[in-house]
Amino acid sequence: NVTGNGTTYSVVFATERFDTGADFSSATFTAPETGKYLLSTHLMISGVTTNVTRFDFMIVTSNATYTTQSAPADPGSQIDPMFTVIADMDASDTAIVKIYATGEGSDTWDINSGGFSHFCGALLA
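Before going into details, it helps to say that this report is about the structure given with it. (Residues numbered from 1 in each chain as written. Predicted model: local features only at pLDDT ≥ 70, side-chain atom pairs only at ≥ 80, totals over all residues. Heavy atoms only, no water.)

Across its full length, the protein carries 0 helices and 12 strands. Start at the N end of the protein and walk to the C end: the helices and strands fall as β-β-β-β-β-β-β-β-β-β-β-β. Compactness check: the protein gives a C-alpha radius of gyration of 15 Å against a globular reference of 14 Å for 125 residues, within 12% of the reference. The principal-axis extents of the C-alpha atoms in the protein amount to approximately 45 × 25 × 20 Å. A burial count over the protein gives 38% of its 125 residues as buried. A separation of at least 24 residues holds for 81% of the contacts in the protein among residues at least 6 apart in sequence. Carbon and sulfur atoms provide 49% of the accessible area of the protein, an area that totals close to 6400 Å². Treating the 4 positive side-chain charges of the protein as one cloud and the 13 negative ones as another, the clouds have centres 4 Å apart. (Helix = DSSP H or I, 4+ residues; strand = E, 2+ residues; numbered from the N terminus. Rg over C-alpha atoms; globule rule 2.2 N^0.38 Å. Buried < 20%, exposed > 50% of the residue type's maximum accessible area, 1.4 Å probe, protein only. Contact = heavy atoms within 4.5 Å. Areas by Shrake-Rupley, 256 points an atom, 1.4 Å probe, with all protein chains shown as cover. Lys, Arg positive; Asp, Glu negative; His and termini not counted. Charge placed at Lys NZ, Arg CZ, Asp CG, Glu CD.)

So, in structure tokens, the structure goes:
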């Protein structure tokens, strides 16, 4: 019950598959060096009802906020948005994933941060 009625939630991921530079900690990716980074995330969200009017899906970095906004065409009990950006980051800049939803009577959305939801940050150049 983390969002649904106007609450912005910073997504916490439960596990790591690999983190070769120790650059990620539960919710925050820290750029190890200056460059262009591919940042990608996919969330499995449950608790969505037909009342939802819109959701904002964000990757927030130290330099910019990247947002995609949607109103599910056929809302049901689950949605699974994906979002990818190329971000200009300096060494020690951070990136986090946030979700914001409106239209529900309360914060009813749950984010499965286990194997179904993920975040990826990779230096491109």
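Past the structure itself, the notes keep going.
On to the pattern of salt bridges. Counted according to the given criterion, the structure contains 2 salt bridges. For K36, the salt bridge identified is with D88, shortest N-O distance 3.5 Å. Here D88 lies in strand 9 (residues 82–89) and K36 lies in strand 4 (residues 35–42), a separation of 52 residues in the sequence. With a shortest N-O distance of 2.9 Å, D56 and R54 are connected by a salt bridge. Residue D56 is classed as buried on the basis of its relative accessible area of 9%. (Salt bridge = Lys/Arg side-chain N within 4 Å of Asp/Glu carboxyl O.)

Across the sheet, which stays open at both edges, the 3 strands sit in the order 9-4-12 with antiparallel pairing between neighbours. At either end of the open sheet lies a strand with only one pairing partner, and these are strand 9 and strand 12 (118–123). Along the sheet, successive strands turn relative to each other by an average axial angle of 15°, direction set aside. Relative to strand 12, strand 4 is paired through 6 bridges, and the arrangement is antiparallel. (Pairing = 2+ DSSP bridges. Axes fitted to C-alpha atoms, helices over the stretch in contact; angles between N-to-C directions.)

Taken in spatial order, the 3 strands of this open sheet run 8-5-11, and their pairing is antiparallel. Single-partner strands in this sheet number two, and they are strand 8 (78–79) and strand 11 (110–112). Relative to strand 8, strand 5 (residues 44–46) is paired through 2 bridges, and the arrangement is antiparallel. Opposite I45, over in strand 8, you have I79 as the bridge partner.

Scanning the entire structure with this criterion turns up 7 aromatic pairs. Judged by centre distance (5.7 Å) and plane angle (65°), the ring pair of F29 and Y37 falls under edge-to-face. Pairing F55 with W109 gives two aromatic rings, centres 6.0 Å apart and planes at 65°, and the pair type is edge-to-face. Placement of F55 in strand 6 (residues 54–61) and of W109 in the loop between strand 10 (94–102) and strand 11 is noted, with a sequence separation of 54 residues between them. Judged on exposure class, the residue F55 and its partner W109 are both buried. Taken together, the aromatic side chains of F13, F24, F29, Y37 and F119 make up a single cluster linked through ring pairs. (Phe/Tyr/Trp six-rings, centres within 6.5 Å; stacked < 30°, edge-to-face > 60°.)

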